[in-house]
Amino acid sequence: MLILCNGTFKSGSSWLHAIVLEICKIHQLELANIPLRYSLNINSPTRIIEKRLHQFIRDEDFSSNHFLTKSHYFSADTFNQRYPDSVYFLFIQRDIKDALVSHYFHFLTYRKLTISFRTYFKYIGVYKVYEMILFNRRCQAYSGNAFNISYKDLKLNFTESVNNISLFLGFSKLSKHDIIAIENKTSLDYMREKSKKEESKYYPELGNSSYKLFRKGEIGQWKEYLDKSSLRIIEEMNNGNASLRIRLGYYLFFILRRRIGL
């Protein structure tokens, strides 16, 4: 079995991965180590980078071994493939507006900058929204062995959501005691404290400062940041009407920049 916890940036993929890891522990599913050749960053939960996924599928035995990784897989090529039944995709989606606000604070922490949300949205956030929309559409279009879950459902209906994940992976429902244990070990406070002690593999590049990226995780915080003009731009993109400026800017500042390694 290969379990892929996939979601766009700041959608809750780290939380989802932590939950699945605890589910596997409770059901005593022994997870094999993923060889270093698929990701050299041994301190990260992202153990298979996207460009090496097909190599992993081709070369590794995941019919008798069990693997788990967190991912931000995004390319159309990834989702146009048909995978064996033992490959499980878990897609988490969050309100893009809340994910955007979370990315804003992630950006400030990671880049060690101080800029207003208005400035961030104009020069960075608008392109990030466009990418999130593309990302979610590709995940939703995937027709293979996949389970879609929303961040909101995990927040508001934790027990039902976790049991649905357990059932999707072929396990039984969890006891109330197990659910409470998972909720405690995947709470923001717990994960934040583990990061402070450098016992966490989430955001390893920031060392013991990674705890700053485990923020509030609130639903609806976007209302404090997005004005009517920004909401209108996001709505237009959601309806498939991204302007030429946005599409061109996204290509230049995101796609091309990544390709040349900037």
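It should be noted that the structure appears before, not after, this text.
Residues numbered from 1 in each chain as written. Predicted model: local features only at pLDDT ≥ 70, side-chain atom pairs only at ≥ 80, totals over all residues. Heavy atoms only, no water.

### Describing the packing of aromatic side chains
- Scanning the model with the defined rule gives 30 aromatic pairs in all.
- The interplanar angle of 65° and the centroid separation of 5.1 Å between the aromatic rings of F89 and Y142 together place this pair among those described as edge-to-face. Highlighted residues: F89 in strand β3 (residues 87–93) and Y142 in the loop between α5 (117–141) and β4 (146–150), separated in sequence by 53 residues. Comparing F89 with Y142 shows no difference in burial state: the two are buried.
- Between Y104 and F117 the ring centres are 5.2 Å apart and the planes differ by 85°, which places this aromatic pair in the edge-to-face class. Here Y104 is found in helix α4 (residues 96–111), whereas its partner F117 is found in helix α5, with 13 residues between them in sequence. (Phe/Tyr/Trp six-rings, centres within 6.5 Å; stacked < 30°, edge-to-face > 60°. Helix = DSSP H or I, 4+ residues; strand = E, 2+ residues; numbered from the N terminus. Buried < 20%, exposed > 50% of the residue type's maximum accessible area, 1.4 Å probe, protein only.)

### Remarks on the pairing of strand β1 (residues 2–7)
- Burial analysis of β1 places six of its six residues in the buried class, which makes it a mostly covered element.
- Covered by surrounding structure in β1 are L2, L4 and N6 together with I3, C5 and G7, the residues of both alternating faces.
- When β1 meets β3, the two strands line up parallel, connected through six bridges. Bridge pairing links N6 to F91 in β3. (Pairing = 2+ DSSP bridges.)

### Quick word on a nonpolar patch on the surface
- Taken together, the side chains of L244, L248, Y251, L252, F253, L256 and I260 present a nonpolar region at the surface, about 670 Å² in accessible area.
- With respect to the helices and strands, L248 occurs in helix α11 (residues 244–259). (Patch = residues over 30% accessible without salt bridge, like charges linked within 9 Å, V, L, I, M, F, W, Y side chains within 5 Å. Areas by Shrake-Rupley, 256 points an atom, 1.4 Å probe, with all protein chains shown as cover. Salt bridge = Lys/Arg side-chain N within 4 Å of Asp/Glu carboxyl O.)

### Structural notes on the packing of helix α1 (residues 13–26) against helix α8 (residues 176–185)
- Packing of α1 against α8 leaves a shortest axis separation of 10 Å and a crossing angle of 140°. When the axis of α1 is compared with that of α8, the two are oblique. Between α1 and α8 the crossing geometry is right-handed. On the side of α1, the interface is formed by I19, E22, I23 and I26, while α8 contributes D178, I182 and K185.
- Grouping the constituent residues of the contact of α1 with α8 by class yields four nonpolar, no polar and three charged. (Axes fitted to C-alpha atoms, helices over the stretch in contact; angles between N-to-C directions. Parallel < 35°, antiparallel > 145°, perpendicular 65-115°, else oblique. Left-handed = near helix turned anticlockwise from the far one by under 90°. Contact = heavy atoms within 4.5 Å. Nonpolar A, V, L, I, M, F, W, Y, C, P; charged D, E, K, R; others polar.)

### Re α11
- Compared with the 22 Å implied by 1.5 Å per residue over 16 residues, the 21 Å span of α11 between its first and last C-alpha is a close match.
- Along α11, the helix axis deviates most sharply at Y251, where the bend reaches about 30°.
- Within the sequence span of α11, burial applies to I246, G249, Y250 and F254.
- Of the surrounding secondary structure, the elements contacted by the buried residues of α11 are α5 and α10 (228–238). (Expected span 1.5 Å × (residues − 1). Bend = angle between axes of the 7 residues up to and from the residue.)

### Digging into the pairing of β3
- Within β3, seven of the seven residues are buried, which leaves the element mostly enclosed by the surrounding structure.
- A two-sided burial pattern is seen for β3, the buried positions comprising V87, F89, F91 and Q93 on one face and Y88, L90 and I92 on the other.
- Looking at chain direction, β3 and β4 are connected through five bridges and run parallel. Of the residues in β4, the one forming a bridge with I92 is I149.

### Some thoughts on the nonpolar core
- By size, the foremost hydrophobic cluster in this structure holds 46 residues, and its most contacted members are L2 and F89.
- At the level of secondary structure, the elements contributing two or more residues to this core comprise β1, α2 (53–59), β3, α4, α5, α10 and α11.
- No other element matches α5, which puts 13 residues into this core.
- In this structure, L29, L90, I165 and I182 belong to the second largest nonpolar core, which totals 27 residues. (Core = buried A, V, L, I, M, F, W, Y, C linked by side-chain atoms within 4.5 Å.)

### Describing the sheet that holds β1
- Taken in spatial order, the four strands of this open sheet run β2-β1-β3-β4, and their pairing is parallel. Two strands lie at the open edges of the sheet, namely β2 (67–71) and β4, each paired on one side alone. For this sheet the average axis-to-axis angle between neighbouring strands, irrespective of direction, equals 15°.
- On the sheet, α1 packs against β1, β2 and β3 and is oriented at approximately 170° with respect to β2.

### So, the layout of surface pockets
- The computed volume of the second largest pocket comes to approximately 650 Å³.
- What lines the second largest pocket is a set of 24 residues, among which H17, L21, P45, K201 and Y202 lie closest to the centre.
- Those elements that place two or more of their residues in the lining of the second largest pocket are α1 and α9 (188–196).
- With five residues, the top contributor of residues to the lining of the second largest pocket is α1.
- Classifying every residue of the lining of the second largest pocket gives 12 nonpolar, five polar and seven charged. (1 Å grid on protein atoms, 1.4 Å probe; cavity = no way out; pocket = protein on both sides within 12 Å on 5 of 7 lines; lining within 4 Å. Points joined across faces, edges and corners; volume = space filled by probe spheres on them.)

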